[in-house]
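Secondary and tertiary structure notes
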Number of protein chains: 4
Amino acid sequence: MIGGGTGAFIGAVHRLAAALDGQYELVAGAFSSNPDTSRASGQLLGLAPDRVYESYQELIEQEKARPENERVQVISIVTPNHLHFAPAKLALESGFDVVLDKPMTFSLAEAKELAAVVATTGRRLCLTHTYTGYPMVKAARQLVAAGTLGTIRKVYVEYPQGWLSKFEEGGANKQAAWRTDPARSGVAGAMGDIGTHAFNLLEYVSGLQVTKLCADINTVVEGRQLDDDGAVLLRLSGHASGVLVATQVAAGEENNVRIRVYGEKGGVEWQQVDANTLQVKMLDRPVEIWRTGGAYAGSYAAHNTRTPAGHPEGYLEAFANLYRNFALTLQADLAGQPAPPEALDYPSIEEGLRGMAFIENVIASGHSIAKWTEFTV
Amino acid sequence: MIGGGTGAFIGAVHRLAAALDGQYELVAGAFSSNPDTSRASGQLLGLAPDRVYESYQELIEQEKARPENERVQVISIVTPNHLHFAPAKLALESGFDVVLDKPMTFSLAEAKELAAVVATTGRRLCLTHTYTGYPMVKAARQLVAAGTLGTIRKVYVEYPQGWLSKFEEGGANKQAAWRTDPARSGVAGAMGDIGTHAFNLLEYVSGLQVTKLCADINTVVEGRQLDDDGAVLLRLSGHASGVLVATQVAAGEENNVRIRVYGEKGGVEWQQVDANTLQVKMLDRPVEIWRTGGAYAGSYAAHNTRTPAGHPEGYLEAFANLYRNFALTLQADLAGQPAPPEALDYPSIEEGLRGMAFIENVIASGHSIAKWTEFTV
Amino acid sequence: MIGGGTGAFIGAVHRLAAALDGQYELVAGAFSSNPDTSRASGQLLGLAPDRVYESYQELIEQEKARPENERVQVISIVTPNHLHFAPAKLALESGFDVVLDKPMTFSLAEAKELAAVVATTGRRLCLTHTYTGYPMVKAARQLVAAGTLGTIRKVYVEYPQGWLSKFEEGGANKQAAWRTDPARSGVAGAMGDIGTHAFNLLEYVSGLQVTKLCADINTVVEGRQLDDDGAVLLRLSGHASGVLVATQVAAGEENNVRIRVYGEKGGVEWQQVDANTLQVKMLDRPVEIWRTGGAYAGSYAAHNTRTPAGHPEGYLEAFANLYRNFALTLQADLAGQPAPPEALDYPSIEEGLRGMAFIENVIASGHSIAKWTEFTV
Amino acid sequence: MIGGGTGAFIGAVHRLAAALDGQYELVAGAFSSNPDTSRASGQLLGLAPDRVYESYQELIEQEKARPENERVQVISIVTPNHLHFAPAKLALESGFDVVLDKPMTFSLAEAKELAAVVATTGRRLCLTHTYTGYPMVKAARQLVAAGTLGTIRKVYVEYPQGWLSKFEEGGANKQAAWRTDPARSGVAGAMGDIGTHAFNLLEYVSGLQVTKLCADINTVVEGRQLDDDGAVLLRLSGHASGVLVATQVAAGEENNVRIRVYGEKGGVEWQQVDANTLQVKMLDRPVEIWRTGGAYAGSYAAHNTRTPAGHPEGYLEAFANLYRNFALTLQADLAGQPAPPEALDYPSIEEGLRGMAFIENVIASGHSIAKWTEFTV
């Protein structure tokens, strides 16, 4: 693991998610750019001292230098955005498969370069867009793909948060500090952090692609350097349209990411606050409540479910599904077999590339006086 | 009553709402432009045959000709949009107070003329934007106005329906027929029918005014003549912003109109599907569930509540609140006393004017290639 | 109307419910045993002074003395329990049809005598068990009766309130005073007031009858004279069993009466807080959300629904359904035609009789040391 | 691990829960009484072949024979009920700490003997009553213990399931087979499997003890050997009372275990379907929605929460909390320090003893014709 030292948020989540299914064992780390912090974190996590490194370069070099069956196989990179590209590139080029936190890179240019690296090295990359790991999100995608709703017409996706309602970046909140800092986050704040999640969820569930967008991007809290709020009108492939909302100043909200997709014959609705439920709304019929563990919910949901219906699966299970599917894919690779489609169902370089394009396009549209901005990669 | 003959939808709703509190008695009507239908409807409603008229002109003239204490006092106009202006104008000018279904008129020009008539005649006009009649919507407005949320930053309002997901206007559905017909509805379909409700709700609860808008207006169903779908980015007075969604092609949805308002310190959320609940979400505190009938819910909610907490009040009660408050205002007028603020709290000519301006501005924006269109009245 | 003077709760509800559909006009009343209060109430309601009476006897006698087409047709009795029997008996014997608030009488003995009066006079009696007036409760009954759930096995019904959590009867709360007073309420407090509602709902929806019961009856608040809490195990006809809970000391609860019925193949769930929804839970299938106004919801729901799906109908509409169906039945009687089954679907003397038997049986069981008490009428 | 071979349900859950926090590593197992199954399961789980044993006796003996720092420290027993006592006793007596699935033993007599073994050996035992591991259940307990609700008056707990609505035990459903078999489950079916969960939850949250009970115990499905349904009236310490419902024939239900506790001043409500929410209902105030991760939710909730508010934690996290707290307690033991109260907050021998007493008392009450049966241990 690169990053994720004491006090970091997402690193701990990665560790929990990786541990859940017993497919990964944490054996080495460069947990911080501060060697002391890295060492202390490694100790706390019970790692052998000789596998706690002072830098990501050291980690990659030394692990590569170890015998093949004694080195790490997958490297998780859980640093702030500006520190994604370099370690990911080095890791891939050094023969490691990579799990990378989102958004994929600092800029679209980096994303394109990373895509080239992936193509050249043939290594695997998993991008942790957690929300697509929920069983009921997968059920929604499968149902849409099967044509149950008919041709898709409208998609609404939203991600309201309230945690940046005040100026938090001046104080002890490490996460607030880097996420609102253009030097570490990139050109976008809210749009990069949660807008990309919403965007990914939209394209994943609907099976459509954004083709044009019209964005209202705001920095609401005084003194903040990046956007903390935005709303985007969308044109989608297949003559559909949609709305994407992402805000970090909806005071009083937690993380209720939510998606609704409507086709000619019906719609589906999912929201994280009730993550084990998918509402299936067919025209002129009673709404159906699909539940995690329901035998009717399709093969993708079943593959990503651990407990019987009625026992809620949560955020860590969704996150773990990404790790598990990635592991299953790598195992199939090792076995020289094609990975089954359910295993391959994790976000990867293509989703990362589109996510970075979303960031750049949406910020550009925010600055534009024209209504529509073409979505270009 | 003008309009609302057998088979019409909203006329029956007006009658139920007016009857609930015993403040109105239906004594005369011109229920249809077809004299036979009007007569039959009047008979069904138990009216004296001599007070069932063949046209609105006849109704207004003949009622005016009756002795003052034997004539109607208030005239409800529940016809399609293109038949609002003329009877409303005539009624006002003949000395009657008027209840008028929304949107107020066929065009903004008519709305301005009607506003002049109201100003000249000094008569009262009540516009039936039902959703602002719900006790918990009133609680939300009062709470926002009291500054509980701090300065308002974001407003999201949406009105998703699915009833026009197919081409319904060719068949027996009278309502579908006129609402999608530009000759009877005006320049807008969904935006006129439900977009104006959403717009009114937004300005009512937030206390803010739309200043600019950027609309994506669509006609999704093939063959339809007016818009059946739209999404609008909004700039609001006081540096706030928002999003308005109104669609009639969200297949599987009923009428779940919903509003969320966020300020510096917290937010509120209301939706019709759970109409007796207002979620009050203060930053870093548990969400509070305010309920119709709760002693804490403010004077406006209390004034508009009929039953003790826990007994749900519905759409007809909300509608009846408009009628009742209008009656209380008229009674105060008759008594030569100032109406109390709770009684005056019904949508009137000003809201109607802004609603018609919304329709024209939003359609203009939909045609514009510029991002922002100024909201002008 | 007998009872329901200024300050009373349920009288106002009866008036609103009766007014809603325009089937009733309030023309006469004896609103209080205090003549001044009666007179003042009548004036406030806009009645002709000569039809505001000083006692129920006077009302019944004088109205009977009026010409047939100028007298009241239906008498609503909305007094406390101890004042139900005498006016109801006199009204029926004087040729009037009667609407009576629940529980039907002060005692089972009175109930039996009233049943005899109904049988002898051939007049109609409507008992206002409101909750069976909700469209989705009717849908549940129809669905159960159609065998959709298979043989019924379990019924859970509960009515939790919190309004008597403190000793309220000492102060200004008129309703608390009489409902906790054995001289006015009868042998039961909570069991009479809300237990009978739960009991009626259970037998109505399930189509089964209670055959044995085992009750835990408590007076929780110190100083209170009647029960304010109870839970009852039930044996039902057809080898089913159930649980009934009614409490007035569930501090923080409103009136969330709720019923769940399970058969071999599935279950249904309804609760007043979400009154327009019926959950239909078939084994191994997604739960279906049936909604008021849904075309699939059956003829009884449709008959008792006023607004299109998505516009919530509330407590007053449910109450009004009792009044309306009673009116439709009386109109059929007047027309010399059989009333249609949907019109006849209102609680009547039989339900009142069983409700009074429930009260006496459940209190007897509460005092018994034997587990099971036979349910006898 | 003892039990939990391929095809078993709860063994896999134990493994996931133990893995989540990285506090446990599975190194040895006797996964089945069938040596082949045990071996195959061990291989699938990646264990060293020499630590996959053919019987629990072999496991305990051979592990004990290993050097202290190379042997297992904790033994998880996840077998059917009749195979809890013997391995647990042997493990404790051999110096191992034990995690044991519920109900604790086959009979109350065994439970008492096991309690004596725990007392004699001084080893630790953790009983996996999962539902008390949820953060919001812990918040409820802490809030009740702090007196926020005043003296507790009423407790309602229910556990409705539908999975045994048909005769499932004849077929391939291993779990159905043993849970309905008196030779493997003990004297109770539903009451043992889920009634004990409900009972434990009730005593945990309320802080009260059951003193008397009155049970209606049923075997609904024809041919079944044990109860599959029951409802119980309860007397609790401190003059409180309650109702416990547990059924496996509520067709269409999943596992929506739910508890409501009411005191003089307010109530709390929690249900598994919305596991990250605790409703706090104070008299005459808006209901508060407490959420996992909320800063206001108390120290016990905080200690048992892994992710920020808004990211749902599920059943596995609740289960893992038991394992983690047990590990923290054992670590404190090893360090020779007193375990902090939050770590000690896992179900143990005392809860197991009371749970087994519940089973025997509730079945006895089911057979009794007297209303009340004393709760004896």
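Residues numbered from 1 in each chain as written. Chains lettered and ligands numbered in written order. Predicted model: local features only at pLDDT ≥ 70, side-chain atom pairs only at ≥ 80, totals over all residues. Heavy atoms only, no water.

Labelled according to an unreviewed UniProt entry, chain A appears under the name Gfo/Idh/MocA family oxidoreductase, originating from Hymenobacter ginkgonis.

1. A look at the sheet that holds strand 1 (residues 74–77) of chain C
Residue and element names in this part refer to chain C. Just so we agree on the cut-off: Paired strands are those between which DSSP finds at least two bridges. To qualify as a helix, a DSSP run of H or I must reach at least 4 residues; to qualify as a strand, a run of E must reach at least 2; elements of each kind are numbered from the N terminus. Under this scheme, a helix contributes an axis fitted over its contacting stretch, all axes are lines through C-alpha atoms, and angles between N-to-C directions fall in the 0 to 180 degree range.
Taken together, the three strands give an open sheet; going across it, the order is 1-2-3, and neighbouring strands pair in parallel fashion. Each of the sheet's edge strands pairs with one partner strand only, and the pair in question is strand 1 and strand 3 (125–127). Looking at each pair of strands side by side, their axes are set apart by 15° on average, direction ignored.

2. Overview of the interface of chain A and chain B
Here is the rule: By definition, residues are in contact when any of their heavy atoms lie within 4.5 Å. Each of two parts loses accessible area, computed with a 1.4 Å probe, when they are put together; buried area is these two losses added. Throughout this description, the term salt bridge denotes a Lys or Arg side-chain nitrogen within 4 Å of a carboxyl oxygen of Asp or Glu. Identification of polar contacts relies on pairs of N or O atoms within 3.5 Å, with a donor-acceptor requirement for protein atoms, meaning one able to donate a hydrogen and the other able to accept it, and with residues adjacent in sequence counted only if both atoms are side-chain atoms. In this classification, the charged set is Asp, Glu, Lys and Arg, the nonpolar set is Ala, Val, Leu, Ile, Met, Phe, Trp, Tyr, Cys and Pro, and all remaining amino acids, among them Gly, are polar.
Each partner contributes residues to the interface: chain A has 48 residues there, and chain B has 48 residues. Buried surface at the junction of chain A and chain B, summed over both partners, amounts to about 3,300 Å²; 51% is from carbon and sulfur atoms. Across the pair Glu253(B) and Lys281(A) runs a salt bridge whose closest N-O atoms are separated by 2.5 Å. Inspection of the region where chain A meets chain B yields 24 residue pairs in polar contact (both at pLDDT 80 or more). The set of elements that each furnish at least two residues to the side of chain A that touches chain B consists of strand 4 (152–160), strand 5 (210–218), strand 6 (229–236), strand 7 (241–247), strand 8 (258–263), strand 9 (266–271), strand 10 (277–282) and helix 12 (349–367) of chain A. At six residues, the largest contribution of residues to the side of chain A that touches chain B is made by strand 6 of chain A. Tallied by class, residues from the side of chain A that touches chain B come to 21 nonpolar, twelve polar and 15 charged.

3. So, helix 11 (residues 315–334) of chain C
Residue and element names in this part refer to chain C. What counts, and what does not: Multiplying 1.5 Å by the helix residue count minus one yields the expected span of that helix. For each residue, the accessible area found with a 1.4 Å probe, counting protein chains only, is set against the maximum for its type, and the residue is called buried under 20%, exposed over 50%, and partly exposed in between.
For helix 11, built from 20 residues, the straight-helix expectation of 28 Å at 1.5 Å per residue is met to within 8% by its first-to-last C-alpha distance of 29 Å. Among the 20 residues that make up helix 11, 16 are buried, leaving the element largely enclosed by the rest of the structure. Glycine 336 occupies a position one or two residues after helix 11 and carries a positive phi of about 70°.

4. Details of the pattern of salt bridges
With the rule as written, the count across this model stands at 99 salt bridges over all chains. The salt bridge involving Arg291(B) is made with Glu254(C); its shortest N-O contact spans 2.9 Å. Note that Arg291(B) is positioned in strand 11 (residues 287–291) and Glu254(C) in the loop between strand 7 (241–247) and strand 8 (258–263), a pairing that runs across two chains. For Glu254(C), a relative accessible area of 22% translates into the label partly exposed. The partner of Glu269(D) in a salt bridge is Lys281(D), and the shortest N-O contact between them spans 2.7 Å. Taken together, the residues span a long stretch of sequence, with Glu269(D) in strand 9 (residues 266–271) and Lys281(D) in strand 10 (residues 277–282) at a distance of twelve residues. When sorted by exposure, Glu269(D) lands in the same class as Lys281(D), which is buried. Each of Glu158(A), Arg258(A), Glu269(A), Lys281(A), Glu253(B) and Arg260(B) takes part in a single network of salt bridges with overlapping partners.

5. Let's talk about the UniProt feature "domain: Gfo/Idh/MocA-like oxidoreductase N-terminal" (unreviewed entry) in chain A
The condition is simple: UniProt positions are given in the numbering used here, feature names are shortened, and annotations may be inferred rather than shown by experiment.
Those residues carrying the UniProt feature "domain: Gfo/Idh/MocA-like oxidoreductase N-terminal" (unreviewed entry) are residues 5–127 of chain A in this numbering. Across residues 5–127 of chain A, helical content stands at 44% and strand content at 9%; the span's end C-alpha atoms are separated by 20 Å.

6. Things to note about the interface of chain A and chain C
Chain A puts eight residues into the contact, and the matching count from chain C is eight residues. Here chain A and chain C share an interface that buries about 640 Å² over both sides, 72% of which is from carbon and sulfur atoms. In terms of surface lost to chain C, no three residues of chain A exceed Pro286(A), Ile289(A) and Tyr296(A), which account for 62% of the buried area on that side. The interface formed by chain A and chain C includes zero salt bridges. Run the count over chain A and chain C and you get two residue pairs in polar contact (both at pLDDT 80 or more). Bridge analysis of strand 11 (residues 287–291) of chain A against strand 11 (residues 287–291) of chain C gives three bridges, and the strand direction is antiparallel. When the bridges of strand 11 of chain C are listed, Val287(A) appears paired with Ile289(C).

7. A word on the relation of the copies chain A and chain C
Rules: Least squares is the method for superposing the copies, and the C-alpha atoms it fits come from residues with pLDDT of at least 70 in both.
Between the two copies, chain A and chain C, the superposition gives an RMSD of 0.0 Å; the rotation angle is 180° and the shift along the axis is 0.0 Å. Here the copies are linked by what is in effect a two-fold axis. The C-alpha atom lying nearest the rotation axis in chain A is that of Glu288(A); the distance is 2.4 Å. Most of the interface of chain A is mirrored in chain C, where 100% of its interface residues are also at the interface.

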